[in-house]
Amino acid sequence: MDLTASGLLALARERKAAEERAAADLLDVAARWADLHPPESIHSAASFTVPGCEHEEPIAGEGTPLVAEFCVAELGGALGVSTVSAKRLIGHALELRHRLPRLWAQVQAGRVPAWRARAVAEATIHSTPALTREAAAFVDAQVAAVAGRIGPAQLDRLVAETIKRYDLAAPDPASDPEDGDLYIDPRHATVHDQEVHFAGTMTFEAELDLADALDLDRALAHGAATLAALGSLESLDARRSAALGDLARTQTALDLHHQGAATTCAEDGLPVVREVVLHAHLDATFCGEATVFGPTGRLEEGQRLVLLDHIRDWCADSRTKVTIKPVIDLTTQLHTDAYAIPDRIREQIVLRDRTCVFPWCSRPARGCDIDHVTPYDHDAAAEGRPQPGPTQTDNLAALCRSHHRLKTHTAWRYEMTAPATFEWTSPRGHRYRRDASGTTRIDEPDPHGPPGIPHPRRP
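Residues numbered from 1 in each chain as written. Predicted model: local features only at pLDDT ≥ 70, side-chain atom pairs only at ≥ 80, totals over all residues. Heavy atoms only, no water.

Let's talk about the overall build of the protein
Scanning the protein from N- to C-terminus turns up 12 helices and 15 strands. The contacts of the protein with a sequence gap of at least 6 include a subset with a gap of at least 24, amounting to 54%. (Helix = DSSP H or I, 4+ residues; strand = E, 2+ residues; numbered from the N terminus. Contact = heavy atoms within 4.5 Å.)

This is the structure in structure tokens:
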């Protein structure tokens, strides 16, 4: 229907209000879903894995109820989001309902948008050090007083003030113990390796000691000036960035040289640096006796496109070690009689699947387990029976550790219906197809399916 300008604005407001109402309702649904699925013990509760260490973070703060680990994936599948996203939604809902009740009430009353409240919940859940219930209540009172209208910088300052007010941080050993000041070391050096730009760049963020920062600035200024003197026409920012990379490569090479671990030297007399493996996939055709690569390909790290020119630039550095791996035909059926998966078969599955094959999961396959879709029977050979779950290409799939455990300990089941195409069935009968293009719902749940998600099976 045709609407006037006023009518379109009214319709926009109506749709926006409906969207915010739906988001508030979804938080309520997530909290109620958690209520239906308490864990048997703290060891079977949902949590966030912290990369690089054995530490795990809870999905919500102190004082919130625990949630069964394996119930999260079912909610994620129904919403069409990853298990991690569903876990974050449930954690935000519980944090708001139990530790930020004023803000929760404003969300449910429609006075604060759900996304604003979730931003506050994310900050209070993952604060370092962790906020007590009393500290979270202080944040709740301050944010609710302004109806949730608080930006990221203000929220960071509020959390920092709360940490100091409630004595949640250890004193700075270098400060006067009588002054009562609390200290949180802000130093860090972080590579955002999941955010690869289409130009082949990656963000490196750091908070340095003042003296270290000034030293680094001088080194980068000197490196940028040297590059300009050698004829570089790039911008100052680009030359400073390149100088930082040169510092990293040169330092690594010097370390190897002093350790006596390097045997090959580059043209400048420094040994080559440690090998950094990037998995680039480029389409190739053959013209006469030459192989012609396409201008673009795919970089496994970050799941981004990469230009052939970038690879040429990386390989041109005299201290770059280049390793060419043999091509693996992804259409070939590889097989072994053993249960253990040889490296060649593992590499084929990694290249074929690219990511974990669970619905909506995007964890890179190179860091996943390789699962037997139909379980391997270790007693089959001894009892003279054919192996129902052979170790071969059409019975293997990449599953991240979380979804591997989910498949092993719950009623989630899947099968491979075509190469790199998998059909999953959830405990409540929802069905999903996962292939190279992503995840698709393929039918409605079976009304006669299992009544609930079972607890983990006893070993």
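Okay, back to it.
Re the environment of Ala130
In this structure, Ala130 sits in the loop between helix 5 (114–125) and helix 6 (133–145). Ala130 sits in the exposed class, given a relative accessible area of 55%. Taking the C-alpha atoms as reference points, Ala130 and Gly61, 69 residues apart in sequence, are found 7.7 Å from one another. (Buried < 20%, exposed > 50% of the residue type's maximum accessible area, 1.4 Å probe, protein only.)

Topic: the sheet that holds strand 14 (residues 431–435)
The strand order 12-13-14-15 describes an open sheet built from four strands, whose pairing is antiparallel. In this open sheet, the two edge strands, each paired with only one partner strand, are strand 12 (413–418) and strand 15 (438–443). Taken over all neighbouring pairs, the strand axes of this sheet differ in orientation by 25° on average, direction set aside. Across five bridges, strand 12 lies against strand 13 (residues 421–425) in antiparallel orientation. (Pairing = 2+ DSSP bridges. Axes fitted to C-alpha atoms, helices over the stretch in contact; angles between N-to-C directions.)

What about the pairing of strand 14?
Alternating residues of strand 14 divide into Tyr432 and Arg434, all buried, and Arg431, Arg433 and Asp435, none buried. Pairing of strand 13 with strand 14, which is carried by four bridges, proceeds in the antiparallel orientation. The residue bridging Glu423 from the neighbouring strand is Arg433, located in strand 14. Between the antiparallel neighbours strand 13 and strand 14 lie five residues, among them Gly429 with a positive phi of about 90°. Pairing between strand 14 and strand 15: five bridges, direction antiparallel. By the bridge assignment for strand 15, Arg433 is matched with Thr440. Here strand 14 folds back onto strand 15, and the loop between the two strands holds two residues.

Description of the nonpolar core
Among the nonpolar cores identified, the biggest contains 41 residues, and Leu27, Ile90, Leu96, Leu103 and Val120 are the most heavily contacted of them. In contact with Leu27, not counting residues within four places along its chain, are Leu89, His92, Ala93, Leu96, Trp104, Val107, Ala114 and Arg118. By size, the runner-up hydrophobic cluster in this structure holds 27 residues, among which are Leu334, Cys361, Leu396 and Tyr432. (Core = buried A, V, L, I, M, F, W, Y, C linked by side-chain atoms within 4.5 Å.)

Quick word on unusual backbone geometry
Of the consecutive residues Thr128 and Pro129, the connecting peptide bond is found in the cis state with omega at 0°. Locating Pro129 in the fold gives a position in the loop between helix 5 and helix 6. Residues other than glycine seldom take positive phi values, yet Ala147 does so here, at roughly 55°. Structurally, Ala147 can be placed in the loop between helix 6 and helix 7 (152–165). We note that Asp167 has phi near 50°; this positive angle belongs to a residue other than glycine. One can find Asp167 in the loop between helix 7 and strand 3 (188–196).

Some words on empty space enclosed by the protein
With the rule as written, the count across this model stands at one cavity of 30 Å³ or more. In this structure, the largest cavity spans a volume of roughly 30 Å³. If you go around the largest cavity, the residues you meet are Ala73, Gly76, Gly77, Val81, Ser82, Thr83, Phe358, Pro359 and Trp360. Sorting elements by how many residues they give to the lining of the largest cavity places helix 2 (residues 72–79) first, with three residues. For the lining of the largest cavity, the class distribution of residues is five nonpolar, four polar and no charged. (1 Å grid on protein atoms, 1.4 Å probe; cavity = no way out; pocket = protein on both sides within 12 Å on 5 of 7 lines; lining within 4 Å. Points joined across faces, edges and corners; volume = space filled by probe spheres on them. Nonpolar A, V, L, I, M, F, W, Y, C, P; charged D, E, K, R; others polar.)

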